[in-house]
Every structure is written in C-alpha cells, then in structure tokens.
Amino acid sequence: MRIKRASLLLSVVLLAAIAIVWYRATNVSDAPILQSDITPSQAQHSPSSAAAGNQATSPAVVEVDEHVNEDFADNFAVVASAYADEINYPPYSIPLRNSDSQLLQPNLYHAQTIPLENGAKASIHLDRFRFTYPEPVNVQLQLEGIQVYEVSLSLFSESTNKLLTTSKMQIDEKGYHTKLSAESDWDGPLRIEIEFKSGGQAQIVQTGFEYSQPVAKIMGVGATSIESTDLIIPVKVKVTVAGHYRLRANLFTADRQPIAVLTASSPLAKGESELKLRAYKAVLKGNSSPLLLNTFQLENRSAAPGEPTRYGDSERPEFVIDYSATELFSEESYKPSEEEKQRLEFLKSMAEKK
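Before going into details, it helps to say that this report is about the structure given with it. (Residues numbered from 1 in each chain as written. Predicted model: local features only at pLDDT ≥ 70, side-chain atom pairs only at ≥ 80, totals over all residues. Heavy atoms only, no water.)

1. Considerations on the environment of P95
Okay, step 1: Tracing the chain through its elements places P95 in strand 4 (residues 93-95).
Okay, step 2: Between the alpha carbons of P95 and L284 there is a distance of 9.5 Å; along the sequence they are 189 residues apart.
Okay, step 3: Residue contacts for P95: discarding those within four places in its chain leaves Y89, D100, I259, A260 and V283. (Helix = DSSP H or I, 4+ residues; strand = E, 2+ residues; numbered from the N terminus. Contact = heavy atoms within 4.5 Å.)

If you want it as structure tokens, here you go:
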C-alpha cells in the first residue's frame, strides 16, 4: 500500500497556518453551540476495514510526496503575505480593519439554525455571548415551519448540571421570548434548554453562554505618555479578585474608524491598580487626537486546569484618549522575534511547493 500526503492533511496544515496569523491578536473564539435533542445517525464502519483486521498484511510502503497542489500553494502565499505584514507590528498593538469582525465584535453571540423534523427550523438568540452580573439575559426563540405550545426555558450550570432557574416563554412577533434576571450564584458556562410541544410531542433545543461574577472594573484612563516607540495609555482598574489579568481593547479615530487592537497583561493585586496599553507608533501614523478606546475584554486568566476564566467590566463603554501628536517617538522599529521569522519562512516554503 502506498500512502501519499492527502488534501485533508493539507487542509489541517493550512488551518494551522491561518491560526498562526490570528494567534497574535486573539484566542480561539468562544463560539456558542446550539443543538436539538435529535441524535444524528452513527457513522457506519467500513466492511473493508473490518475484513482487513482478520487477515495478515504485508508491511506498508510509505511514500511522502512533498508536492503541494497549486490551490493550496496559492492559499499559503496569501497567508504568508498577511503574516509578513502583521509581524511588522508588536503583538500588543495589531492594526485593526473594518473587515476584522471577530476583533470588532468579540462578544457577539452567533445564533445557529437547528433542524427539526419535517423540515422545520429553530434558533435561539441572545444579546451577547458573555454576560457580567447583574446583567439580565434576554432570550429569543425563533421558529420556522412549526406550530408549538407550552414553551418553557430551563437554565443550568454547565459544570455542575444544577438547575438555576426556569421561565415560561411568551409569544411575540418573532416567536417566543423571556427575560432572565440574574442571581448571585450564576458563574461560569451556563446552558439554556428550551422545551416546547408540537403535535403532542415534546422537543428540546439548547445553547450555551458564559456568565461571570465581576472580578474587576475599569474605572477610567490616565494621562498618556510616550515611551520609546509606543503611546502609553494607562487604564485604571479596581480589582476585587487578585489574579493574572489580560486586557484587550480597540482603538478608533474620532470618526470611529478602527486603528488597532491593544493588549496588556499583568498580575494585579486586590484594590486600585493599573494596566498599561501600548499603541505602536506605526498604527497612529496619520491619526490625530482625540482617539476612542472601547470594546473592553478584561479577563482574570485561569490559574489552574479546570478553573474558569472570569471577567470584569467597565464603568463606561468608551473613553476619550487625548495625546500630543507633536511628541516624538523613538526612531527604532519593531523587529520580529526569531520564532515569528521561522513561522514566516515555513509559510513561504509551503507557498513555493507547487
């Protein structure tokens, strides 16, 4: 038997390459999962595979083909070009574009359509994916091709499976809705199960989201300053739970054009503290004061396996950033790390294997 490098393997490698580009700015998205109570059919085992296990086989001859087909090579070339541009900037200050939807709306809830019997469909909609106490949770159930009754919602803790609350859903012009008032014991991943009846049969659809008891709050920003190649933006934080914190925020022009996604990380003790965001000089080129800072993601990172990441919030959704454009930055430029250079060389080499 001869085994060649298959397109599936190339797909995996390409996805890994794309992940290299995105890793510098953000983690894997916390995408919610929706599902119905209808279990998909199990995959069938291959008869030929079963038969092969009952007979002796000769050693396999493995032939590795280093050739990458032209489409994949072209895709690697695109990724390599994007990565080459990105590593001209430090990972704490990455340029932000209008097309970067995941970075512009990191807390967006992605509703998914759930197929039901006889071609019917259902979808659950939330205001966002991650909530902070005491924010209420508005839940909308939308249906297509099915008439239902006795629609009720149950909320569970994903980690303990404890029932937290129940609610009857009310009919409206879009389907059914309810508003959940938060309790102080809501913390971590939660699961919504919506049960309804149709034609005398009960069906359940479900989804997940995250709820966090606040561990810190952004109170404001201090006076900016210039440090070498960076504009320093001190962010004032009131910490109620000590830990290792990461802050991500988006920087915009006064007319709300995206400039950069900024990231800072540091251990913080309980009490008044500060995280310093840095905007690299190249992202500020051509952009004058004032600027706008918003889209905050304040995380108390997990300190041990199994311990959930917890989140803070902000006193205000947005802060104005003033700085003197006449101040001089250092003439130095950001130099990619050896690891970043090696990643780029890998992407380039894959783009050349046609």
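2. Some details on the environment of E195
Okay, step 1: Tracing the backbone shows E195 in strand 13 (residues 188-198).
Okay, step 2: Judged by relative accessible area, which is 34%, E195 ranks as partly exposed.
Okay, step 3: On a C-alpha basis, the gap between E195 and S154 in space is 8.2 Å, while along the polypeptide they are 41 residues apart.
Okay, step 4: Not counting residues up to four positions away in its chain, the partners in contact with E195 are E150, V151, S152, A202, Q203 and I204. (Buried < 20%, exposed > 50% of the residue type's maximum accessible area, 1.4 Å probe, protein only.)

3. Remarks on the sheet that holds strand 12 (residues 175-180)
Okay, step 1: Taken in spatial order, the 5 strands of this open sheet run 5-6-8-12-11, and their pairing is antiparallel. Both edges of this open sheet fall to strand 5 (113-115) and strand 11 (170-172), since each of them pairs with a single strand only. Neighbour-to-neighbour, the strand axes of this sheet turn through a mean angle of 25°, independent of strand direction.
Okay, step 2: When strand 8 (residues 137-144) meets strand 12, the two strands line up antiparallel, connected through 5 bridges. In the strand pairing of strand 12, V137 is matched with L180. (Pairing = 2+ DSSP bridges. Axes fitted to C-alpha atoms, helices over the stretch in contact; angles between N-to-C directions.)

4. Section: the packing of aromatic side chains
Okay, step 1: Scanning all chains against the criterion turns up 5 aromatic pairs.
Okay, step 2: For the pair F131 and F209, a centre-to-centre distance of 5.6 Å together with 80° between the ring planes defines the contact as edge-to-face. Taken as a pair, F131 in strand 7 (residues 130-132) and F209 in strand 14 (residues 201-212) lie far apart in primary sequence, 78 residues in all. As far as burial versus exposure is concerned, F131 and F209 are alike and both buried.
Okay, step 3: By way of ring pairs, the aromatic residues F131, W186, F209 and Y211 are connected into one cluster.
Okay, step 4: The ring of Y311 carries the charged tip of R130 above its face, separated from the ring centre by 4.0 Å. (Phe/Tyr/Trp six-rings, centres within 6.5 Å; stacked < 30°, edge-to-face > 60°. Lys NZ or Arg CZ within 6 Å of the ring centre and 35° of its normal.)

5. Focus: the side chain of N294
Okay, step 1: Mapped onto the elements, N294 comes out in strand 21 (residues 291-300).
Okay, step 2: N294 gets classed as buried once you look at its relative accessible area, which sits at 10%.
Okay, step 3: Here the side chain of N294 touches T295 through a polar contact of 2.7 Å, side chain to side chain.
Okay, step 4: Leave out the neighbours within four places in its chain, and N294 touches A249, N250, F252, R256, P317 and E318. (Polar contact = N/O pair within 3.5 Å; in protein donor to acceptor, adjacent residues only side chain to side chain.)

6. Let's talk about the nonpolar core
Okay, step 1: Membership of the largest hydrophobic core comes to 30 residues, with the highest contact counts inside it found for V139, L141, I194 and F209.
Okay, step 2: Listing elements by their share of this core, those giving two or more residues are strand 6 (121-126), strand 8, strand 9 (149-157), strand 12, strand 13 and strand 14.
Okay, step 3: Considering every element that reaches this core, the biggest residue donor is strand 13, with 4 residues.
Okay, step 4: Discounting chain neighbours no more than four positions away, the residues touching L141 are A122, S123, I124, V151, M169, K174, G175, Y176, I194, F196 and V205.
Okay, step 5: Formed by 29 residues, the second largest nonpolar core is a distinct cluster that contains L231, V235, F319 and I321. (Core = buried A, V, L, I, M, F, W, Y, C linked by side-chain atoms within 4.5 Å.)

7. Structural notes on the environment of S123
Okay, step 1: Inspection of the secondary structure puts S123 in strand 6.
Okay, step 2: Exposure remark for S123: the relative accessible area of 10% places this residue in the buried category.
Okay, step 3: Sequence spacing of S123 and L143 is 20 residues, and the spatial spacing of their C-alpha atoms is 6.6 Å.
Okay, step 4: For S123, the residues in contact, after removing those within four places along its chain, are Q112, T113, Q140, L141 and Q142.
Okay, step 5: Only 2.9 Å separates the side chain of S123 from the side chain of H125, close enough to count as a polar contact.

8. Quick notes on the pattern of salt bridges
Okay, step 1: Inspection of every chain in the model, using the stated rule, returns 15 salt bridges.
Okay, step 2: A salt bridge links R128 to E135; the nearest nitrogen and oxygen atoms lie 3.6 Å apart.
Okay, step 3: Residue classification places R128 among the partly exposed positions, given a relative accessible area of 26%.
Okay, step 4: Given a relative accessible area of 29%, E135 falls into the partly exposed group.
Okay, step 5: Between K197 and E150 there is a salt bridge, with its nearest N and O atoms 3.2 Å apart. With a gap of 47 residues between them, K197 in strand 13 and E150 in strand 9 connect regions that are remote in the sequence.
Okay, step 6: Its relative accessible area of 30% is what places K197 among the partly exposed residues.
Okay, step 7: Here the salt bridges share partners, and the residues they tie into one network are E158, R191 and E193. (Salt bridge = Lys/Arg side-chain N within 4 Å of Asp/Glu carboxyl O.)

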